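Coordinate inspection notes
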Amino acid sequence: MATKLSAVTRITYKNEVGNYVISYTTKTENGEAVKEINADIRKGDSRSGNLYIQSDGTQSMSFNPSVPKEDVKTLVSTMLDDAEQIFGEQNSNQE
């Protein structure tokens, strides 16, 4: 008989900012709280950047040089707000 070793749940979110689409992915194992969010930023078919943020506040992000600074500012602000919302929603469901 097969033994269940783990249960991984992936949840995705999406937000649109101007011409950019931000796709967020979270992963939880065995019903634990969400510990990290990965985001992919696209403009049309082109990848414009990414974000990795952990629940402890550790962040890593990068943008293509072609993304204007004003767009970067707007995207960063939006992604940080979205990450706070996602962590809050997902982790409140774990309590």
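The structure we're discussing is the one just above.
Just so it is clear, the model here is predicted, and its values are computed rather than measured.

1. A short note on the sheet that holds strand β5 (residues 59–63)
- Spatially, the five strands line up as an open sheet ordered β1-β2-β3-β4-β5, and their pairing is antiparallel. Across the chains shown, the open sheet's two edge strands, defined by having one partner strand only, are β1 (8–17) and β5. Across the sheet, the mean angle from the axis of one strand to that of its neighbour is 15°, orientation sign disregarded.

2. A look at the environment of D81
- By secondary structure assignment, the location of D81 is in helix α1 (residues 69–92).
- When its relative accessible area of 48% is taken as the criterion, D81 is described as partly exposed.
- Put simply, D81 and N91 are 10 residues apart on the chain and 15 Å apart in space, counted from C-alpha to C-alpha.

3. Notes on the pairing of strand β4 (residues 46–54)
- In terms of strand pairing, strand β3 (residues 36–43) meets β4 through eight bridges, oriented antiparallel. Each residue of the ladder has a partner; that of A39, found in β4, is L51.
- Turn length for the β3-β4 hairpin, with the two strands adjacent in sequence and antiparallel, is two residues, and the turn residue G44 shows positive phi of about 65°.
- Pairing between β4 and β5: five bridges, direction antiparallel. Across the sheet, residue L51 finds its bridge partner in β5, namely M61.
- In this antiparallel pair of consecutive strands, β4 and β5, the connection spans four residues, and G57 shows a positive phi of 100°.

4. Notes on the side chain of S48
- With respect to the secondary-structure elements, S48 resides in strand β4.
- The exposure class of S48 is buried, given its relative accessible area of 6%.
- If sequence neighbours within four positions are ignored, S48 has contacts with Y20, I41, R42, K43, S62, F63, N64 and V67.

5. Quick notes on α1
- End to end, α1 covers 34 Å across 24 residues, agreeing with the expected 34 Å (1.5 Å per residue, within 8%).
- The complete set of buried residues in α1 reads L75, T78, M79, D82, A83, I86, F87, Q90 and N91.
- Structurally, α1 contributes buried residues whose contacts are with β1, β2 (20–29), β3, β4 and β5.

6. Observations concerning the nonpolar core
- Grouped together as the largest cluster of nonpolar side chains are 17 residues, with contacts concentrated most on I22, Y24, I37, L75 and M79.
- At the level of elements, β1, β2, β3, β4 and α1 are the ones that each hand at least two residues to this core.
- In terms of residues, this core owes the most to one element, α1, which gives five residues.
- What Y24 contacts, discounting residues up to four positions off in sequence, is I11, T12, Y13, N15, I37, N38, A39, T78, M79, D82 and I86.

Conventions and cut-offs
- Residues numbered from 1 in each chain as written.
- Predicted model: local features only at pLDDT ≥ 70, side-chain atom pairs only at ≥ 80, totals over all residues.
- Heavy atoms only, no water.
- Pairing = 2+ DSSP bridges.
- Helix = DSSP H or I, 4+ residues; strand = E, 2+ residues; numbered from the N terminus.
- Axes fitted to C-alpha atoms, helices over the stretch in contact; angles between N-to-C directions.
- Buried < 20%, exposed > 50% of the residue type's maximum accessible area, 1.4 Å probe, protein only.
- Contact = heavy atoms within 4.5 Å.
- Expected span 1.5 Å × (residues − 1).
- Core = buried A, V, L, I, M, F, W, Y, C linked by side-chain atoms within 4.5 Å.

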